[in-house]
Amino acid sequence: MLSAYRQQGFAFEAVEALVNFAFTQPELKRIIAHSPEDHVASIHILEKLGMQQIAKDKNLLEWELNNS
């Protein structure tokens, strides 16, 4: 994302819309995401979405969000 548009919530809004749409599909039970452990912006978005870190492999984090 261009620096002029960072930290304005656009990435979060886009990912939130995708998650909300995905969970309208009855067969979808969970969403898995991966992020580098040093990518603070991505981690912040995943945490804000309510995702839980479930694993770490080397420097890659795995996240999960269950459809409740």
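Before any of the text, the structure's been laid out above.
Numbers given for residues are sequential positions, taken from 1 along each chain in its written order. At least 70 in pLDDT is required for a residue's local features to be given in this predicted model, at least 80 for side-chain atom pairs to be given and counted, and no such filter applies to totals for whole chains, interfaces and linings, which use all residues. The basis for the side-chain values is all heavy atoms of the structure; hydrogens and waters are excluded.

**Some points on the pairing of strand β1 (residues 30–36)**
Taken residue by residue, a regular strand's side chains alternate between the two faces of the sheet.
Moving on, step 1. Remark: exposure states derive from per-residue accessible area (1.4 Å probe, protein chains only) relative to the maximum for the residue type, with buried under 20%, exposed over 50%, and partly exposed in between. Secondary structure is summarised from DSSP: a helix means a run of H or I of at least four residues, a strand means a run of E of at least two, and numbering begins at the N terminus for each. In β1, alternate side chains face the same way, and those of Ile31, Ala33 and Ser35 are buried while those of Arg30, Ile32, His34 and Pro36 on the opposite face are not.
Moving on, step 2. Two strands qualify as a pair provided that DSSP identifies no fewer than 2 bridges between them. Two elements, β1 and strand β3 (residues 60–66), share 7 bridges in a ladder whose sense is antiparallel. Bridge pairing links Ile32 to Glu64 in β3.

**Digging into a nonpolar patch on the surface**
Moving on, step 1. Together, Leu2, Tyr5 and Phe10 make up an exposed nonpolar region whose accessible area comes to about 340 Å².
Moving on, step 2. Using a relative accessible area of 62% as the deciding quantity, one classes Leu2 as exposed. The patches reported here contain residues having more than 30% relative accessible area and no salt bridge. Joining distances are 9 Å for like charges and 5 Å for nonpolar side chains (Val, Leu, Ile, Met, Phe, Trp, Tyr). All accessible-area figures derive from a Shrake-Rupley calculation using a 1.4 Å probe, and residue coverage is judged against the displayed protein chains alone. For salt bridges, the criterion is a side-chain nitrogen of Lys or Arg within 4 Å of an Asp or Glu carboxyl oxygen.

**Description of the pattern of salt bridges**
Moving on, step 1. Scanning the entire structure with this criterion turns up 2 salt bridges.
Moving on, step 2. Here Arg30 ties to Glu64 by a salt bridge, and the two come within 2.5 Å at their closest N and O atoms. Of the two residues, Arg30 is situated in strand β1 and Glu64 in strand β3; the sequence distance between them amounts to 34 residues.
Moving on, step 3. Residue class for Glu64 comes out buried when judged on its relative accessible area of 17%.
Moving on, step 4. Across the pair Glu37 and Lys56 runs a salt bridge, and its minimum N-O distance is 2.8 Å.

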